[in-house]
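# Fold and geometry: a report
Given next are the chains, with one letter for each unit.
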Amino acid sequence: MSRRPGHLTSGRYAPPVPRASRELTSADGARLYAELHGPEGAPAVVLAHGWTCSTAFWAPVVRDLAVDHTVVVYDQRGHGRSPAPGPAGYSTTALADDLVAVLEGTLAPGERAVLGGHSMGGMTIMAAAERPQLRARAAAVLLCSTGGAELPEESRVFPFRSPAARRAAHRLLLGSRAPLGPVSPLTRRALKYATMGAGATPEQVEACARIVHSCPPGVRARWGAVLSGLELTGGLARLEVPTAVVVGTADRLTPPVHARRMASVLPDFRGLTELPGLGHMTPVEDPDAVAGRLRALVADHLCPADADADGGPAAPADVPAQSDAPAPAGTRQKKDRQKKERTA
């Protein structure tokens, strides 16, 4: 019996065909697989996926953004098509090195981008906060379903009342090398409980299950050990670019307490979006919301000229966001028409 591919192959949650792919080399020689989607010369968005995932995780967000953005996605080391490093190759320093390699290897000289990170991808951005390459390349950041410290203490997959028992159980979960086995009704239910909200659709659950089950157990365990002792609060406090935060209110892996702490620490905080009833896999559970926040960051901080399409002055990039509410439909349609006219 043939093994099912590590992602869906049709529908919204299947990864689209990239315009180009790249093999990049990180500071320690680790090889990284990256893809470019969307038109050349369009505003750039760079997306970093989370623990046990791959470029395929971003599929519905890429499909949305690539209509009028250049979208870069890459496989974190040991995930997807990026080979696993040796035992010494698992650290937040390595994550930061890899992100720098992707930025330098996929963006044009002097080009800036909006960066989006989900879960461990958000931690990657925090780890790279003080890198001069990130400061030169990042116009704005979206931290999605992530946290900077105390992950075992705050997780709620095992809702024990005792903090010590909860911490111990989540450390065991993060560091487990147990094979997940084939995707089955039982494993789908377990994955949905741990990582998604009650309203996740069967297609969304299947998409996430295939991706997560494809991560090698050793890679999962080694990165889980890194996450278990994570402490990136200092880096978060030095992420001196406009940064917005998204979290699902039913996230058991990185509950909203993390998002609220990040909001209190970020030096250029641009708004917290809490998505009711959603779990940890927000880019899959509500790709429209996540893509919408990325689009807003592009419009506000990478393409401020969009703001003066009616002849008025563009809003300065350092004005804090006033609301997370989406623009009225008429305004969105008008901007879409203007964008199409400019690119025609």
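The rules we used
- The residue count restarts for each chain, going from 1 along the sequence in the order it is written.
- The model is predicted, so local features are restricted to residues of pLDDT at least 70 and side-chain atom pairs to those at 80 or more, both for listing and for counting; the totals for chains, interfaces and linings are taken over all residues.
- The side-chain numbers reported here are obtained from all heavy atoms of the structure, hydrogens and water having been left aside.
- Throughout, exposure labels follow a simple rule: accessible area from a 1.4 Å probe, protein chains only, divided by the maximum for the residue type, with under 20% read as buried, over 50% as exposed, and the rest as partly exposed.
- Under the scheme used here, helices are H or I runs from DSSP no shorter than 4 residues and strands are E runs no shorter than 2 residues, and both carry numbers assigned from the N terminus.
- By definition, the arc is the one covered by directions from the helix axis to the C-beta atoms.
- Note on definitions: a residue-residue contact is assigned when non-hydrogen atoms from the two residues lie within 4.5 Å.
- What is meant by a nonpolar core is a set of buried Ala, Val, Leu, Ile, Met, Phe, Trp, Tyr and Cys residues, joined one to another through side-chain atoms within 4.5 Å.

Before going further, it helps to examine helix 11 (residues 256-265). Within the span of helix 11, buried status applies to Pro 256, His 258, Ala 259, Met 262 and Ala 263. On an axial view of helix 11, the arc spanned by its buried residues comes to 150 degrees, and they lie on one face. The inward-facing, buried residues of helix 11 abut helix 3 (120-127), strand 6 (138-144), helix 5 (151-154), helix 10 (233-237), strand 7 (243-248) and strand 8 (269-275).

Next up on the list: the nonpolar core. Counting 47 residues, the largest nonpolar core has Val 46, Leu 115, Ile 125, Leu 134, Leu 143, Trp 223 and Leu 239 as the members making the most contacts within it. The leading source of residues in this core is helix 2 (residues 92-106), at six residues. Setting aside chain neighbours within four positions, we find Val 46 in contact with Val 72, Val 102, Leu 103, Leu 107, Ala 113, Val 114, Leu 115 and Gly 116. If you look at the next biggest cluster of nonpolar residues, it comprises 23 residues, including Val 45, Leu 47, Val 71 and Leu 278.

Along the chain, Pro 283 turns up in helix 12 (residues 282-285). Residue Pro 283 is classed as buried on the basis of its relative accessible area of 0%. Apart from residues lying up to four places away in sequence, Pro 283 is in contact with Phe 57, Trp 58, Pro 60, Val 61, His 118, Cys 144 and Val 290.

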